[in-house]
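# Results of the structural survey
Given next are the chains, with one letter for each unit.
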Amino acid sequence: MKKKFKYFITHPMLFVFIIILIFFTPLALFSPGENKNRGIVIAIGIDKQEEYEVSLLTFIPTVNQTYKEQTSIITGNGDSLAKALYNAQISMGRKIGLAHAKTTVVSESMLEEDVASSIDYLSRFASLPENTVFISTDKSAKELLESSENLVNKTGLKLEQVINYNAKNLYITDTSLEAFYKGYYGITNSSLMGFLKTKTEDASKENSQSSSAGSESSQSENQSKSMTEVENDGQAILLKNGKKVANLTVDQLNGINMLNQKSKNQIIKIYDVEKSGKNVNLVYRIVNKKILTNTSFQNGYPLYVCQLILNMDLAEIEGEHQSLKIPTEFSEITDDVSTKLVSEIKKQFTNSLNLLRENKTDVIGINKSFYKNNRKDYENFIKEHGGEDEFLNQVIFKLNIIVQPE
C-alpha cells in the first residue's frame, strides 16, 4: 500500500487524472445529449413586410424517424432581424446553431432595399457561415423552405441539390454569401444571386380519389389544402449595391457566361436551318471552350479583343417527323449552321452586355482585366470619365467567334 501511495506521490498527474474521472465521468454519462439543448439549422429563410420573419428549417436527431419527421420549420417575428431570430429560438425551446446552414433564402421583396444591411447581423453575430448558398425567391422564403419537403417526397432531391445544380451548370459562378460580399464590396458593387420560384397547387386534386370514400368533413379538409413546390427555370438576379436591378433569363446568363472559361454545356438554339429539303430547328451544346483575350487603349479608349473558340455538338433536332437518332448529315457544322450559331451567340452576348451597361454592373470582370493589364492607363481613364461604374460603357468590344465540331 505504501508503495502505491509513493507511486501516486511521484506521479501527481496520474492522481489528477483519477480525480477528474471520479468527478466528471458520472456527469458525462448521465447528462442529456447536446441535441436535447440545441437545434441544428440546415436552412434559414428571411422575409420582411411590416416586420422581419425568420424561418428555420431545423434538423432534430431522433430514433427511427423519416426525413420528413426529423425536420421542422420554426418561425419568429420581430422589428429587427436579431429580435426575430431570438423569438424563433424561444419557439424552438433550444439554442440554435447556424454553423450548418447550407442555404440562406431571402424573399425577392427584400432586394428592393440593400439586403446586406439586413443579413449583416447573421454573418457577424449569429455565426452564419459565409459558404452558405445565398438565393432569393419570388414569394416568401418560408414557402420555399416548406416546399423543400415536398421536393424530397416527390423526387428524392434536397433543396441544396437543386441550388447546387444551378450554381454549377447555369450561374457558373459562386452564389455563396461570401461571393455576394466580394461583389458587394468590389469595383462596381455588383453580384449575381441564385433565384428559385415557388408554385402552389391544390392538393385536393391529388387526394380526390382517396377522399371520395371518406366523410364530408375530410373532403372539405382536403380541398382546403395546398402544396407549394419548387419551380426551377434557371433564372438569376443581378444586384447593384445589394439591391435587385434585373431578373436574368437563361439566355442572358448564357451571354454573361460566354466569356467565362468555366462555363460549359451551354445550349444554343438556331432556327430554320435547311437540311435535306426541310427547315428544322437545331440545338447545339458547347462542349469545350477556349478564350483568348487582349486589353489595350487605342486613341485614348479601352479596347477589349476576344477570340472565342467553341467546340460544339448537335444535341437535338426539332422539326416534323424527325427521328430521335441524329442523322449523320445533321452533325456536320456547315457554313450556314456556323453563321447562325455565331449570330445567335453574338446576339445573346450583346443583349447581356447592354443590360450590364444600363445597370452599371460589371459582373464579367472587364474592370479587373484592364486594372490588371493596363493599370496606369485604366486609372487615368476612369478619373476622366466618371469612375469605375462608367467604364463598361466606354469599352469597345471586338468578339471573334470560331465554331467547330467536337
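Our structure's up above, just so we're on the same page.
Let us look at the structure shown here. (Residues numbered from 1 in each chain as written. Predicted model: local features only at pLDDT ≥ 70, side-chain atom pairs only at ≥ 80, totals over all residues. Heavy atoms only, no water.)

### Considering the packing of helix H12 (residues 250-257) against helix H14 (residues 335-359)
- Packing of H12 against H14 brings their axes to within 7 Å, and their N-to-C directions diverge by 90 degrees. Judged on the interaxial angle alone, H14 and H12 are roughly perpendicular. Together, Asp251, Gln252, Asn254, Gly255 and Ile256 of H12 and Gln348, Phe349, Ser352, Leu355 and Leu356 of H14 make up the contact between the two elements.
- For the contact of H12 with H14, a count of residues per class yields four nonpolar, five polar and one charged. (Axes fitted to C-alpha atoms, helices over the stretch in contact; angles between N-to-C directions. Helix = DSSP H or I, 4+ residues; strand = E, 2+ residues; numbered from the N terminus. Parallel < 35°, antiparallel > 145°, perpendicular 65-115°, else oblique. Contact = heavy atoms within 4.5 Å. Nonpolar A, V, L, I, M, F, W, Y, C, P; charged D, E, K, R; others polar.)

### Focus on the pattern of salt bridges
- The final tally for this structure, using the stated rule, is eight salt bridges.
- A salt bridge links lysine 182 to glutamate 178; the nearest nitrogen and oxygen atoms lie 3.8 Å apart. Here lysine 182 and its partner glutamate 178 are both found in helix H8 (residues 177-184), four residues apart, which amounts to about one turn of the helix.
- A salt bridge links glutamate 344 to lysine 347, with the shortest nitrogen-to-oxygen separation between them at 3.3 Å. Here glutamate 344 pairs with lysine 347, and both are found in helix H14, just three residues apart, close to one helical turn. (Salt bridge = Lys/Arg side-chain N within 4 Å of Asp/Glu carboxyl O.)

### Section: the nonpolar core
- In terms of nonpolar packing, the biggest core is built from 45 residues, with Leu282 and Tyr284 touching the most fellow members.
- No other element matches H14, which puts eight residues into this core.
- Listed in part, the 33 residues of the second largest apolar core include Leu56, Ile74, Val115 and Leu122. (Core = buried A, V, L, I, M, F, W, Y, C linked by side-chain atoms within 4.5 Å. Buried < 20%, exposed > 50% of the residue type's maximum accessible area, 1.4 Å probe, protein only.)

### What about the side chain of serine 191?
- Turning to its location among the elements, serine 191 is positioned in strand S7 (residues 190-202).
- In this structure serine 191 comes out as buried when scored by relative accessible area, which is 7%.
- Setting aside residues no more than four positions away along its own chain, serine 191 makes contact with Phe180, Gly183, Ile237, Leu238, Leu239 and Val363.

### Observations concerning the sheet that holds strand S14 (residues 396-405)
- Pairing in this open sheet of four strands is mixed, and the strands run S11-S12-S13-S14 from one edge to the other. Looking along the sheet, the strands with just one partner apiece sit at the ends: strand S11 (267-275) and S14. Strand-to-strand, the axes of this sheet are offset by a mean angle of 35 degrees, without reference to chain direction.
- Pairing between strand S13 (residues 301-318) and S14: 10 bridges, direction parallel. When the sheet's bridge partners are listed, leucine 303 is paired in S14 with isoleucine 396. (Pairing = 2+ DSSP bridges.)

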